[in-house]
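Residue-level listing of the chains:
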Amino acid sequence: MYKHYDKDGAAISLHDSSAEKEDIMRIDRDKLQKLLAMSDEELDAVVEEISVYARVSPENKVQIVKAFKANGNICAMTGDGVNDAPSLKRADIGIAMGIAGAELSKETADTILLDDSFSTIITAIKFGRNVYLNLQRFILFQLSVNFSALLFIVSSMLFGLDAPFNTLQLLWINVIMDGPPALTLGLEPPVLSVMDSKPVKRSESIVKKATFLRIAFSGLFISAVTLLEYHFNFLMVERGEVLSATFTLFILFQMFNAFNARKLNAESIFKDFTKNKVMLITFALTFLLHFLIVTFFHTLFGISPLSVKSWFKVVLTALSIVLVSEVAKWIYRKTKKRKLIINKKGV
């Protein structure tokens, strides 16, 4: 649905695309003033139903900003005149025009638009949304690593086993968790669909319910499979390679799971897979470094080198975190698509 005023600021058009019909409601200026003369509670209830306001007074602009903020929205306000200063001050983000704007509006605003182009605002919103998503990716990865490590170590102790990792191994795991592989998630470039989602509400948590479910699933899966190798040696590597296989399996699980963290929704990780080239290069270098540790510096880490066959088994097992995640997302996409088809047929 969209609404707009005509060039005289006296009409509002409503278009219901779902019903494929257009309904025009004309409001004269007296009725427009009555709309803006509503109480705060009344205006709060209808403010989001109108897309464009025209010919409003400075006081009305402040009213509209307050109403949007009262509904939990992050509100931005643009202005170029002296009379825009109060609403620019009231908004979460006041944006003044750098070329045509008055000095008072520039001093009051939080941001100055140097080229006076609204397309620049869209670009800034796109960048801001991507920063927010990258924070969510980083948090998802961090909590997944911490949760899986906690579950695995505690479970090992409950089964009466020795501590699976020594101090140096834990430090290397910490490098994976906080170092370059994790930081490259913050360099994920924006995708075209980033502007399709609704704005984030002020009260909305950065860690959503779906994120907690993914953290729980990843943690349980990684810790369970790693524990099976540590306790039962289900990969059937050489007896002297069990500690090394367990350590490498846990490391590779985290590295492959970082690719899962790139997609916060049900999209496949293979979509735009090569877009974040820094992450791909970092993954390759980290994998190479871990290979060197296991092969040449294994004594320092208290492990033994792995045979080619054991490397093959460990890498394929670690890839299962990607496979399981992709299957789960594929099932979700198919189920959602099926529900949409059923709902359309029902309508």
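Remember, it's a predicted structure, so these values are computed and weren't measured experimentally.

Concerning the sheet that holds strand E5 (residues 93-97)
Read across the sheet, three strands follow the order E4-E5-E6 without closing on themselves; strand pairing throughout is parallel. Of all strands in the sheet, those with a lone pairing partner are strand E4 (76-79) and strand E6 (111-113), marking the two edges. Geometrically, the sheet is characterised by an average inter-axis angle of 25° between neighbouring strands, direction not taken into account. For E4 and E5, the ladder comprises four bridges, and the chain directions are parallel. Within the sheet, the bridge partner assigned to threonine 78 lies in E5 and is isoleucine 95.

Observations concerning unusual backbone geometry
We note that asparagine 233 has phi near 55°; this positive angle belongs to a residue other than glycine. Its location among the elements puts asparagine 233 in the loop between helix H9 (209-232) and helix H10 (242-260). In this structure, aspartate 272 takes a positive phi of about 60° despite not being glycine. Within the secondary structure layout, aspartate 272 lies in the loop between H10 and helix H11 (277-296).

Quick notes on the packing of H10 against helix H12 (residues 308-318)
Packing of H10 against H12 brings their axes to within 8 Å, and their N-to-C directions diverge by 35°. Between H10 and H12 lies a crossing whose hand is right-handed. Contacts between H10 and H12 involve Ala245, Thr248, Leu249, Leu252, Phe253 and Phe256 from the former and Trp311, Val314, Val315, Thr317 and Ala318 from the latter. Residue classes in the contact of H10 with H12 are distributed as nine nonpolar, two polar and no charged.

So, the nonpolar core
Membership of the largest hydrophobic core comes to 45 residues, with the highest contact counts inside it found for Phe141, Trp172, Phe247, Ile251, Phe253 and Phe256. Where this core is concerned, the elements lending two or more residues are helix H6 (118-158), helix H7 (167-178), H9, H10, H11, H12 and helix H13 (320-346). Among the elements that make up this core, the one with the highest residue count is H10 (twelve residues). When residues no more than four places from it in sequence are discounted, the contact partners of phenylalanine 247 are Phe165, Gln169, Trp172, Ile173, His290, Phe301 and Ile303.

What counts and how
- Residues numbered from 1 in each chain as written.
- Predicted model: local features only at pLDDT ≥ 70, side-chain atom pairs only at ≥ 80, totals over all residues.
- Heavy atoms only, no water.
- Pairing = 2+ DSSP bridges.
- Helix = DSSP H or I, 4+ residues; strand = E, 2+ residues; numbered from the N terminus.
- Axes fitted to C-alpha atoms, helices over the stretch in contact; angles between N-to-C directions.
- Left-handed = near helix turned anticlockwise from the far one by under 90°.
- Contact = heavy atoms within 4.5 Å.
- Nonpolar A, V, L, I, M, F, W, Y, C, P; charged D, E, K, R; others polar.
- Core = buried A, V, L, I, M, F, W, Y, C linked by side-chain atoms within 4.5 Å.
- Buried < 20%, exposed > 50% of the residue type's maximum accessible area, 1.4 Å probe, protein only.

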